[in-house]
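What follows is each chain in one-letter form.
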Amino acid sequence: MYLPPHDPHVDDPMRFKPLFRIHLMERKCATVECMYGHKGPHNGHIQIVKKDEFSTKCNQTDHHRMSGGRQEEFRTWLREEWGRTLEDIFHEHMQELILMKFIYTSQYDNCLTYRRIYLPPSSPDDLIKPGLFKGTYGSHGLEIVMLSFHGKKAKGTKITGDPNIPAGQQTVEIDLTHPLQLPDIETLRDFSELSRIVLEVQEQVRREEQEEEQRQEEEDHSQQAASQPAAKPLGGEGAEGEETAAGAEGTTQNKAPASQPFVLPMGVISRNEDYPRTCRICFYGTGLIAGHGFTSPERTPGVFVLFDDDRFGFIWLELKSFSLYSRIKVSFQNAEAPSREAFDEMLKNIQSLAT
């Protein structure tokens with residue numbers, strides 16, 4: 001199992017932890033050993049369910065338990081997973097979230113299902129190379145996100161989740177047709193000024209979506225009224241052509257290597273203060289927030305900040321919070337990228353499994 005580094009050090013390498021091992025014996029026999037816990041390898045079972053999926057089961061779960069009971073198990077888990085003790089965490093809300101995560105994960109230490117993750121397909125037109133990133137999520141610690149590109153949109157899909165937003169959900173969505181022009185550094189320190197800029201773009205996006213829906217309804221109505229299938233009106237084609245051209249032009253401009261100074265506005269909380277002080281470009285985007293148990297989910301406005309080929313950030317406007325993401329550079333085998341269509345279908349399947 002690859003674990004993210006300890007919060008909030010997103011640039012540190014992933015941590016490696018064996019979960020099971022298989023001994024191939026003579027006469028085509030094999031034994032499976034569970035590596036979970038602190039009492040050494042013990043008897044386990046593995047089953048291939050279907051293509052790209054298998055499950056493991058521990059047959060001796062008493063090896064997972066500690067003599068000091070759940071309290072000792074929790075303290076050991078906290079030290080290994082978070083790199084700290086309970087006494088180091090003063091924030092009560094953070095203590096609550098960490099305890100919830102421990103209870104949730106410890107329920108499934110005896111039977112696990114594994115599904116292969118295919119890396120996103122890449123294109124020369126992509127803003128940066130897609131792939132897996134470690135990201136800071138406030139009191140939830142570090143989580144793994146998969147960045148992928150879909151034409152005029154970029155999506156960040158959670159590979160690991162938390163009590164609020166589970167794995168498989170689209171944590172951020174970036175609108176590549178709406179770059180943001182940030183003000184000078186001193187003005188940028190004013191959160192209200194950044195909020196004004198983002199909300200203006202949000203309103204613009206809303207109007208464009210309404211106009212597109214209205215145009216689509218008019219086209220559908222025209223086709224239904226005609227006795228024979230009619231071609232799209234010339235005006236509609238022209239509008240689509242202009243939109244595509246504008247999107248292509250925006251992409252060309254967005255790929256420009258020029259950088260600009262960057263600083264977080266006053267009042268925006270960041271787990272990692274060691275973020276880059278220059279960025280290439282920013283875009284309007286939305287981030288998914290929800291209550292515990294993924295209740296009342298909603299997409300809220302934010303700012304996608306591209307720092308370099310391996311790092312980006314997202315400012316959650318409503319939460320006044322900043323997430324910093326750093327590329328995972330572990331070389332994963334047999335994770336070749338599928339086609340765009342197959343990848344989009346895979347994302348839908350991941351989300352349906354998570355919900």
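Residues numbered from 1 in each chain as written. Predicted model: local features only at pLDDT ≥ 70, side-chain atom pairs only at ≥ 80, totals over all residues. Heavy atoms only, no water.

**Remarks on helix α2 (residues 92-106)**
And step 1. Here α2 is 15 residues long and its end C-alpha atoms lie 21 Å apart, about the 21 Å a rise of 1.5 Å per residue gives.
And step 2. Turning to α2, its buried residues are M94, L97, I98, F102 and S106. Within α2, the buried residues cover an arc of 155 degrees as seen down the axis, which keeps them to one side. Residues E92 and Y104 are exposed on α2 and point more than 90 degrees away from its buried face. (Helix = DSSP H or I, 4+ residues; strand = E, 2+ residues; numbered from the N terminus. Expected span 1.5 Å × (residues − 1). Buried < 20%, exposed > 50% of the residue type's maximum accessible area, 1.4 Å probe, protein only. Arc of directions from axis to C-beta.)

**Here's the deal with the packing of helix α1 (residues 69-82) against α2**
And step 1. Direction vectors running N to C along α1 and α2 enclose 105 degrees, while the axes themselves pass 11 Å from each other. The angle between α1 and α2 places the two elements in the roughly perpendicular class. Note on element contacts: α2 touches α1 through M94, I98, L99, K101, F102, T105 and S106, opposite R70, E73, F74, W77, L78 and W82.
And step 2. Its residues assigned to classes, the contact of α1 with α2 shows eight nonpolar, two polar and three charged. (Axes fitted to C-alpha atoms, helices over the stretch in contact; angles between N-to-C directions. Parallel < 35°, antiparallel > 145°, perpendicular 65-115°, else oblique. Contact = heavy atoms within 4.5 Å. Nonpolar A, V, L, I, M, F, W, Y, C, P; charged D, E, K, R; others polar.)

**Here we look at the pattern of salt bridges**
And step 1. Throughout the structure, instances matching the rule amount to 22 salt bridges.
And step 2. Of the charged contacts in the structure, one is a salt bridge between D175 and K153, with a shortest N-O distance of 3.8 Å. Pair noted here: D175 is in strand β11 (residues 170-180) and K153 is in strand β10 (residues 153-158), with a separation of 22 residues, a long-range link.
And step 3. K153 gets classed as partly exposed once you look at its relative accessible area, which sits at 28%.
And step 4. A salt bridge links R280 to D309; its shortest N-O distance comes to 2.8 Å. One end of the pair, R280, is in the loop between β14 (278-279) and β15 (281-291); the other, D309, is in the loop between β16 (295-308) and β17 (311-316), and 29 residues separate them in sequence.
And step 5. Residue R280 is classed as partly exposed on the basis of its relative accessible area, which comes to 27%.
And step 6. According to the relative accessible area criterion, D309 is partly exposed, its value standing at 41%.
And step 7. One continuous salt-bridge network, built from bridges that share partners, spans D11, D308 and R311. (Salt bridge = Lys/Arg side-chain N within 4 Å of Asp/Glu carboxyl O.)

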